[in-house]
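# Structural features, examined
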Amino acid sequence: MDAPPIMGNVPGSYALGVFRDRHPALLRQVREALPYTPDRHRALDRLADEVARDVMEPLDPSAHDFAAWAEWGRGMIGRRWVDVPFLWAESYFYRKLLAATGYFEDGPWRGIDPFGPVKQAELGGPEVDAELAALDRAAASPPGERAAGLLLGSLWGNRADLSFKITQGDERERASELVVDDSDLLWSLVRDRAPGRICVLADNAGRELLPDLLLADHLLAEGLATDVVLHVKPHPYFVSDATPADVAACVRRLAAAPGQAGKAGGRLWRAMADGRLSPRAHPFSCAPLPYRDMPDDLRAELASAALTITKGDLNYRRLVGDRMWPVDTPFPAVTAYFPGPVAALRTLKSDVLTGVDAGTAARLDATGEPWRTSGTHALIQVRA
Ligand SMILES: O=P(O)(O)OC[C@@]1(O)O[C@H](CO)[C@@H](O)[C@@H]1O
C-alpha cells in the first residue's frame, strides 16, 4: 500500500509555495537576525542563488555529515529542489542553511542558533505570560477537565510554529472542530498501561514546548508515566523546532513563573535531575526520512514506551510518509510499522492526511478554505 510522494513541482501546490516564497523570505529573515560577518553573508548569498536557480548543490565534502547526506541524497543532489520528495528537499534546505551560517564550522558562528533571536523573543513575550497564567484558573477544574485542557494546550500549541508564520502571518482562526478526535482512546491507553514510559517526539520550542512540558508534568505527577522521554532536534531545524537548549530555556521559564506554572516548573526541574524527564537529541530527528526508516536504536527505545506522542505537522509527515494518501486511508494501517502505540497531535499545515472520513473532507473542501494547510484545523489520531 503506497501513494505518490508529495513533491514541490505541482503548480499551485502548498509545497511549491514553500520553495518559491517561504525559503527566500526565511533567508532574508536569518540574514537580518544576527550581525553576520562577510563570509556568512557570502555563504547566504550563495544559498539564495542556489534556491533561485533551483538546483541542489552538494554539501562541502569536509562537512561532518557529508557521507550521511550523500547516502540519503543518492539520486537527488544536482536535481531541482522541487523535483524530489518535499520532505527530503525541505530538510536539506535547513541543513544547507546551517552550513551557510557556519553552525558546524570552526569559528565564531559555531553552535549559534540562527533562529535563536526569534525563539527568544517568543519565549520572553507577553503571550507566554498570559498562557501560563491560565493554569491558575484551570487548577480549580475537575481533574478530567484539566487533563483534557492540557492535551488540547499541547495540540494547539503546534500552531505556534515560527517557520509557518513567515508566510502565513498570525491571523489564523482556531477552528472549533477537530477533524479527528481520538482523545478518549489516548487517555484510556495511557491509563491502561500506567505507569509506563511515554515518549514525546517534540516539535516547536517556546509556545509549543511549554504546553508539552506541562502535559509531561501532568503525566508524571498523576502517576500515569514512570518517565517521559522528550525527543528534540540535535540542531536548529525548521526555524522553531526545539533543541536541548530550548528545553532548558523552557524549563527555566516555567520555574521562574508565578503560580501553578512555577510549581510545574519546579517539578519538571526535579524530574530532569532524577531522570524521570529525559531529553534526547537523536541524529535521526533531523534526518530527511520517514519514521518507517528509523534506525534500530530508536526503534528499540520507542518499542519500550507505553505510548509515543508525535507532535506537529512535520512529525506527522514523517509518521505516515509524506504521501498523497486518499484522506480516508486508515491511520492504523499507515502506522502499523511503528514499534508501539502511537498518538499524533497535529494542526494541519501541509497536504498529507489520513484517517479522515471522506464526508468530512468533502464538507470542508466545499468551504473553499485551505483547511488542510492553513493551521486552522487539527487532529488527534491514535493507533493502539
Ligand atoms: O512541524 P510543524 O512545526 O508543525 O510544521 C512545519 C511546517 O510549518 O513546515 C512545513 C513547511 O515548511 C510544513 O510541513 C509545516 O507546515
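Residues numbered from 1 in each chain as written. Predicted model: local features only at pLDDT ≥ 70, side-chain atom pairs only at ≥ 80, totals over all residues.

### Section: the packing of helix H10 (residues 206-221) against helix H12 (residues 259-274)
- The interhelical angle for the contact between H10 and H12, taken along N-to-C directions, is 75 degrees, at an axis separation of 10 Å. Classified by the interaxial angle, the pair formed by H10 and H12 is roughly perpendicular. Residues Leu213, Leu214, Asp217, Leu220 and Ala221 of H10 form the contact with H12, whose participating residues are Ala264, Arg267, Leu268 and Ala271.
- Across the contact of H10 with H12, the residue classes tally to seven nonpolar, no polar and two charged. (Axes fitted to C-alpha atoms, helices over the stretch in contact; angles between N-to-C directions. Helix = DSSP H or I, 4+ residues; strand = E, 2+ residues; numbered from the N terminus. Parallel < 35°, antiparallel > 145°, perpendicular 65-115°, else oblique. Contact = placed C-beta atoms within 7 Å. Nonpolar A, V, L, I, M, F, W, Y, C, P; charged D, E, K, R; others polar.)

### Comments concerning the site of the ligand
- Taken together, 16 residues sit near the ligand, with Asp161, Gly312, Asp313, Leu314 and Lys349 positioned nearest.
- A per-element tally of the shell around the ligand places helix H14 (residues 312-320) first, with four residues.
- In terms of residue class, the shell around the ligand is built from four nonpolar, five polar and seven charged.
- For the shell around the ligand, the two domains that each supply at least three residues are domain 1 (14-114) and domain 2 (122-383). (Near = placed C-beta within 6 Å. Domains from an automatic or database assignment.)

### As for the environment of Leu319
- Its location among the elements puts Leu319 in helix H14.
- Residue Leu319 is classed as buried on the basis of its C-beta count, with 26 C-beta atoms lying within 10 Å.
- Residues Leu319 and Phe338 lie 19 residues apart in sequence; the distance between their C-alpha atoms is 8.3 Å.
- Beyond its immediate sequence surroundings of up to four residues, Leu319 is in contact with Tyr291, Thr310, Thr335 and Ala344. (Buried ≥ 20, exposed ≤ 12 C-beta atoms within 10 Å, placed from the backbone.)

### Some remarks on the pairing of strand S6 (residues 342-347)
- Of all six residues in S6, six are buried, a share of seventy percent or more.
- Alternating positions in S6 separate into two faces, Val342, Ala344 and Arg346 on one and Ala343, Leu345 and Thr347 on the other, with burial throughout.
- Here strand S5 (residues 307-311) pairs with S6 via four bridges, running parallel. In the strand pairing of S6, Ile309 is matched with Ala343.
- Here S6 runs beside strand S7 (residues 378-383); their pairing, made up of six bridges, is antiparallel. When the sheet's bridge partners are listed, Thr347 is paired in S7 with Ala378. (Pairing = 2+ DSSP bridges.)

### Focus: the nonpolar core
- Ranked by internal contacts, the top residues of the largest apolar core, which has 98 residues, are Ile198 and Val228.
- Two domains each donate at least three residues to this core, and these are domain 1 (14-114) and domain 2 (122-383).
- Not counting the four nearest positions on each side in its chain, Ile198 is found in contact with Leu219, Ala225, Val228, Ala305, Ala306, Leu307 and Ile309. (Core = buried A, V, L, I, M, F, W, Y, C linked by C-beta atoms within 7 Å.)

### A closer look at the confidence of the model for the chain
- Of all residues in the chain, 96% attain a pLDDT of 70 or more, and the chain-wide mean is 95.
- Confidence metrics for the complex model read pTM 0.96 and ipTM 0.96. (pLDDT = per-residue confidence, 0-100.)

### Points about the packing of helix H7 (residues 143-156) against H10
- Interaxial distance between H7 and H10 falls to 8 Å at its minimum, and their mutual angle equals 150 degrees. As the angle between them shows, H7 and H10 are arranged roughly antiparallel. H10 is crossed by H7, and the crossing has left-handed handedness. Seen from H7, the contacting residues are Ala147, Leu150, Leu151, Gly153 and Ser154; seen from H10, they are Pro211, Asp212, Leu214, Leu215 and His218.
- Partitioned by chemical class, the residues of the contact of H7 with H10 number six nonpolar, three polar and one charged. (Left-handed = near helix turned anticlockwise from the far one by under 90°.)

### Describing the domain arrangement of the chain
- Per the domain assignment, the segments of the chain are domain 1 (14-114) and domain 2 (122-383).
- Between the C-alpha centres of domain 1 and domain 2 there is a distance of 27 Å.
- A per-element tally of the side of domain 1 that touches domain 2 places helix H4 (residues 86-100) first, with seven residues.
- When grouped by side-chain class, the residues that make up the side of domain 1 that touches domain 2 number 13 nonpolar, two polar and three charged.

### Section: the environment of Leu132
- The topology assignment puts Leu132 in helix H6 (residues 126-138).
- On the basis of neighbour count, Leu132 is assigned to the buried category, with 22 C-beta atoms found within 10 Å.
- For the pair Leu132 and Leu314, spaced 182 residues apart in the sequence, the C-alpha separation amounts to 26 Å.
- Dropping the residues within four chain positions of it, Leu132 is found in contact with Ala257 and Ala261.

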